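Listed below, chain by chain, are the residues.
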Amino acid sequence: MAVGSAPGRALRVLRLICLLLWFDFISCVSEGVYGIMNKSVTLKPLQDTVFKEITWKKQKDKIVEWYRDSELRAFPPFQGRILLNTTSGDLTIFNLTSSDEDRYEIESQDLKDSIVFFLSVIELLPSPILNCTLTDKNIIVQCTIPEHYNSHVELIEYSWNCGLQLCNSTSSKLEISFKENDLSQEIQCVLSNRVSKMKSSITLGTCVPNHHSRHRWLLILAFVTSLVIVILMLFGKGVLRSCRKTHRPNSS
């Protein structure tokens, strides 16, 4: 999703409307709220008010209305998945879906201000995918999001963790000048947005093909050397026994 996404544009338009209303001596409070897909979110007016009546709307459609001397009434498609706190005015929406992403407003004669929320519904982040390439003495580590994930990607922020000073980057790409003793260093990419955080790691040695083959050959060489030493020791003991038998005096 591009940086100029529909939720971002709508929130900017909403703030502009509030500014225009302010010049007409009508107060407007707007707030961006972020919820997790399939979870719940609470819209909080945060007003020190004793409510006698409350109406919540999504755009122009009623969600719920309540009057002090009557029962609370919920409207579809929110029936059975909302909770209204008639004391604070808080509205909780359960089992969030992408269609819940919109403009919400609380209306009440007991409020001095018009309070508006813009709700963005975001999926939990997946684990990032790490790939690396080797160029001369530089390793480029690329941190990417799985292709299937497209939930408000403009809100994703990148950070890196490692023991090297060059990890202070906020880009999806990290370039590191390394030395031989750096190859055991673990590099960690962290993705975060307004509702979740995920991370993946990679060891620099996996980015250098010769590093593994050289290490494997060293192990093979050490094994062969040890085997030769053992054979020579066994052979030496066998020769020594043969010499002792040859020089043993004849009892007859």
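1. Re the confidence of the model for the protein chain
Step number 1: In the predicted model, the protein chain carries a mean pLDDT of 81, and 74% of its residues have values of at least 70.
Step number 2: Confidence, read as mean pLDDT per element, is least for helix α1 (residues 6–23) in the protein chain (48) and greatest for strand β7 (residues 91–93) (98).
Step number 3: Confidence drops under a pLDDT of 50 for residues 211–215, and excluding neighbours within four residues, the segment shows six contacts in the predicted structure.

2. Some details on the environment of Arg81
Step number 1: Relative to the helices and strands, Arg81 resides in the loop between β5 (73–74) and β6 (82–84).
Step number 2: As for Arg81 and Thr92, which are separated by 11 residues in sequence, their C-alpha atoms are 8.3 Å apart.
Step number 3: When sequence neighbours within four positions are dropped, the list of residues in contact with Arg81 reads Thr92, Ile93, Phe94, Asn95, Leu96 and Asp100.
Step number 4: Separated by 3.3 Å, the side chain of Arg81 and the backbone oxygen of Asn95 make a polar contact.

3. Remarks on the state of the cysteines
Step number 1: Overall, the coordinates contain two disulfides when judged by the stated rule.
Step number 2: Across a sulfur-sulfur distance of 2.1 Å, Cys132 and Cys207 are joined as a disulfide pair. The disulfide joining Cys132 to Cys207 has a torsion of about -105 degrees about its S-S bond and is therefore left-handed. Here the residue Cys132 occupies a position in strand β10 (residues 129–135), and Cys207 occupies one in the loop between β15 (197–203) and α2 (209–246), the gap between them amounting to 75 residues.
Step number 3: A relative accessible area of 22% places Cys132 in the partly exposed class.
Step number 4: Covalent S-S linkage joins Cys143 and Cys189, the inter-sulfur distance amounting to 2.0 Å. Taking the sign of the S-S torsion, about -85 degrees here, the bridge from Cys143 to Cys189 comes out left-handed. Within this pair, whereas Cys143 is found in strand β11 (residues 138–144), its partner Cys189 is found in strand β14 (residues 186–192), the two being separated by 46 residues in sequence.

4. Focus: the sheet that holds β11
Note: strands within a sheet are paired through backbone hydrogen bonds, in either parallel or antiparallel orientation.
Step number 1: Ordered in space as β10-β11-β13, the three strands form an open sheet in which the pairing is antiparallel. In this open sheet, the two strands that pair with only one neighbour each are β10 and β13 (173–177). Neighbouring strand axes in the sheet, compared pairwise and without regard to direction, differ in orientation by 20 degrees on average.
Step number 2: Note: β11 against β13, five bridges, orientation antiparallel. Residue Val141 lies in a different strand from β13, and its bridge partner there is Leu174.

5. Quick notes on the environment of Leu125
Step number 1: With respect to the secondary-structure elements, Leu125 resides in the loop between β9 (114–122) and β10.
Step number 2: By relative accessible area, which is 6% here, Leu125 ends up buried.
Step number 3: In this structure Leu125 touches Tyr149, Ile156, Leu191, Ser192, Asn193, Ser196, Lys197 and Met198, once residues within four positions along its chain are discounted.

6. Thoughts on the sheet that holds strand β2 (residues 41–43)
Step number 1: Reading across the sheet, the three strands line up as β2-β7-β6 and stay open at both edges, with antiparallel pairing between neighbours. The outermost strands of the open sheet, each flanked by one partner alone, are β2 and β6. In this sheet, neighbouring strand axes are inclined to one another by 20 degrees on average, regardless of whether the strands run parallel or antiparallel.
Step number 2: Here β6 pairs with β7 via three bridges, running antiparallel. By the bridge assignment, Leu83 is partnered in β7 with Thr92.

About the criteria used
- Residues numbered from 1 in each chain as written.
- Predicted model: local features only at pLDDT ≥ 70, side-chain atom pairs only at ≥ 80, totals over all residues.
- Heavy atoms only, no water.
- pLDDT = per-residue confidence, 0-100.
- Helix = DSSP H or I, 4+ residues; strand = E, 2+ residues; numbered from the N terminus.
- Contact = heavy atoms within 4.5 Å.
- Polar contact = N/O pair within 3.5 Å; in protein donor to acceptor, adjacent residues only side chain to side chain.
- Disulfide = S-S within 2.5 Å.
- Buried < 20%, exposed > 50% of the residue type's maximum accessible area, 1.4 Å probe, protein only.
- Pairing = 2+ DSSP bridges.
- Axes fitted to C-alpha atoms, helices over the stretch in contact; angles between N-to-C directions.

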